[in-house]
Amino acid sequence: MSASSASPIVNSSTQEQPLPEIAIPPLLGASLDELTAWVVSQGQAAYRGKQLHDWIYNKGVRSLADISSFPKQWRTELGDIPIGRSTEHYRSVASDGTIKYLLRLSDGQIVETVGIPTENRLTVCVSTQVGCPMACDFCATGKGGFKRNLTRTEIVDQVLTVQEDFQRRVSNIVFMGMGEPLLNLDHVLGALHSINKDIGIGQRNLTVSTVGIRNRIRQFAQNNLQVTLAVSLHAPNQKLREQIIPSARSYPIEDLLAECREYVEITGRRATFEYILLAGVNDLPEHALELSRRLRGFQSHVNLIPYNPISEVDYQRPKPERINNFVKVLKQQHIAVSVRYSRGLEADAACGQLRVNKIK
Ligand code: SAH
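Residues numbered from 1 in each chain as written. Predicted model: local features only at pLDDT ≥ 70, side-chain atom pairs only at ≥ 80, totals over all residues. Heavy atoms only, no water.

Would you explain the overall build of the protein in this entry?
Looking only at helices and strands, one finds 12 helices and 12 strands in the protein. The buried share among the 360 residues of the protein stands at 53%. Partitioning the contacts of the protein with sequence separation of at least 6, the portion at a separation of at least 24 is 64%. Accessible surface for the protein amounts to roughly 16,800 Å². Of this, 49% is attributable to carbon and sulfur atoms. (Helix = DSSP H or I, 4+ residues; strand = E, 2+ residues; numbered from the N terminus. Buried < 20%, exposed > 50% of the residue type's maximum accessible area, 1.4 Å probe, protein only. Contact = heavy atoms within 4.5 Å. Areas by Shrake-Rupley, 256 points an atom, 1.4 Å probe, with all protein chains shown as cover.)

The following block contains the structure:
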């Protein structure tokens, strides 16, 4: 349709009587203090802030118009103001109970979130960006390019969405969905704060995963959080690492590990290193030995992730024997190690399989 033939949709009554402009913060993701300040700025009693907080975080309200405990006149004045929730675009359930969601954001962008249930836990894998600019060779998200950062509101929304769908409290969050969290540090910190204080999930149950961005690990550490930092190392040396992670060329492994050491010093917490196992690429006993030497004396934990296949590249997942052998070498070298078999494989919801262009 050409611009001239498009008739603008105008609500004549709104045109004649424009409503006073209301400065509305993004309500979802806002703290009790921020919400209280906002209701007071609107001429309402301070206790309405607590009500608003409860409606947003416990009752799952989507529009201010639906808050029945607010005075009718104020609700009418406010009109249908969304608080920042996404809408479900697609939902896919894997046989292990893992559910992948594609969520539609207010500007039409789609983002992915995964809910991973076990008997005692409900973990949400949240995205921090639409797409990802890091372009790691083995990761589906990077193949689709980068669109934009997510806001604090959009990150917190993912947690509430999974919580409501499972009708169960979320216990753990991993920032391991689409995107590179440390490239969106302000919104990630805001979201961590809200998830901890407003939704009520303990900081120790929150994990932020990064491929490593120069100076940002230090910056993250300086926030005095008890959140776990997981660093996607994936290789025991610079040559191999830059082969599979393009950003490693400008941020060498020595610099990355030096910053991780600072992280341990500043926070007093150990660092987790993620290491994807790619058959014949980085999964040989000599790689395990080299990795152990690098991490000697480092307060760390290695999380091995057997590669989850994606269609664009022909990496293979190592055979179980190879994986076990890698573990054995690390253990012999007194490196704390665990193997993480991703869940949700057949829903394309496992680590590295999230992508926007697979939207059904
Ligand atoms: N940008 C962050 C979060 C990414 S996803 C980071 O790089 O850490 C979380 C983890 O899944 C990362 O360790 C990532 O390297 C890993 N991953 C990516 N693609 C994968 C694949 N195909 N199979 C298994 N793990 C993968």
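Sorry if this is basic, but what is going on with the site of the ligand here?
In the neighbourhood of the ligand, 19 residues make up the surrounding shell, with Phe138, Ser209, Ser232, His234 and Asn308 lying closest. The contact in question runs from an oxygen atom of the ligand to an N or O atom on the side chain of Ser209, over 2.6 Å. Across the complex, the protein chains shield 96% of the 530 Å² of accessible surface that the ligand would expose by itself. Of all the secondary-structure elements, those providing two or more residues to the shell around the ligand are strand E8 (206–210) and strand E10 (271–277). Here the shell around the ligand is composed, by residue class, of 9 nonpolar, 8 polar and 2 charged. (Near = heavy atom within 4 Å. Polar contact = N/O pair within 3.5 Å; in protein donor to acceptor, adjacent residues only side chain to side chain. Nonpolar A, V, L, I, M, F, W, Y, C, P; charged D, E, K, R; others polar.)

Just to check I follow, could you spell out the packing of aromatic side chains for this structure?
Applying the stated criterion across every chain, the model contains 5 aromatic pairs. Between Phe70 and Trp74 the ring centres are 4.8 Å apart and the planes differ by 40°, which places this aromatic pair in the tilted class. Each member of the pair, Phe70 as well as Trp74, is classed as buried. Put simply, the rings of Trp38, Phe70 and Trp74 pair up and form one aromatic cluster. Note that Lys59 overlies the ring of Trp55, its terminal NZ or CZ placed 4.8 Å from the centroid. (Phe/Tyr/Trp six-rings, centres within 6.5 Å; stacked < 30°, edge-to-face > 60°. Lys NZ or Arg CZ within 6 Å of the ring centre and 35° of its normal.)

Before we go on, may I ask you to explain the sheet that holds strand E9 (residues 228–232) in this structure?
In sheet architecture, strand pairing relies on hydrogen bonds along the backbone and comes in two forms, parallel and antiparallel. Here we have 10 strands laid out as an open sheet, ordered E1-E2-E3-E4-E7-E8-E9-E10-E11-E12, and mixed in their pairing. With one partner strand each, in any of the chains shown, strand E1 (87–93) and strand E12 (337–339) form the two edges of the open sheet. Sheet twist, expressed as the mean angle between neighbouring strand axes with direction ignored, is 20°. Two strands pair when backbone bridges link them, and strand E11 (residues 300–306) and E12 are joined in this way by 3 bridges, in the parallel orientation. Bridged to Leu304 within E12 is Val339. The strands touched by helix H6 (residues 152–166) are E1, strand E2 (99–104), strand E3 (110–117), strand E4 (122–125) and strand E7 (172–175); relative to E2, the strand with the most contacts, the crossing angle is about 130°. (Pairing = 2+ DSSP bridges. Axes fitted to C-alpha atoms, helices over the stretch in contact; angles between N-to-C directions.)

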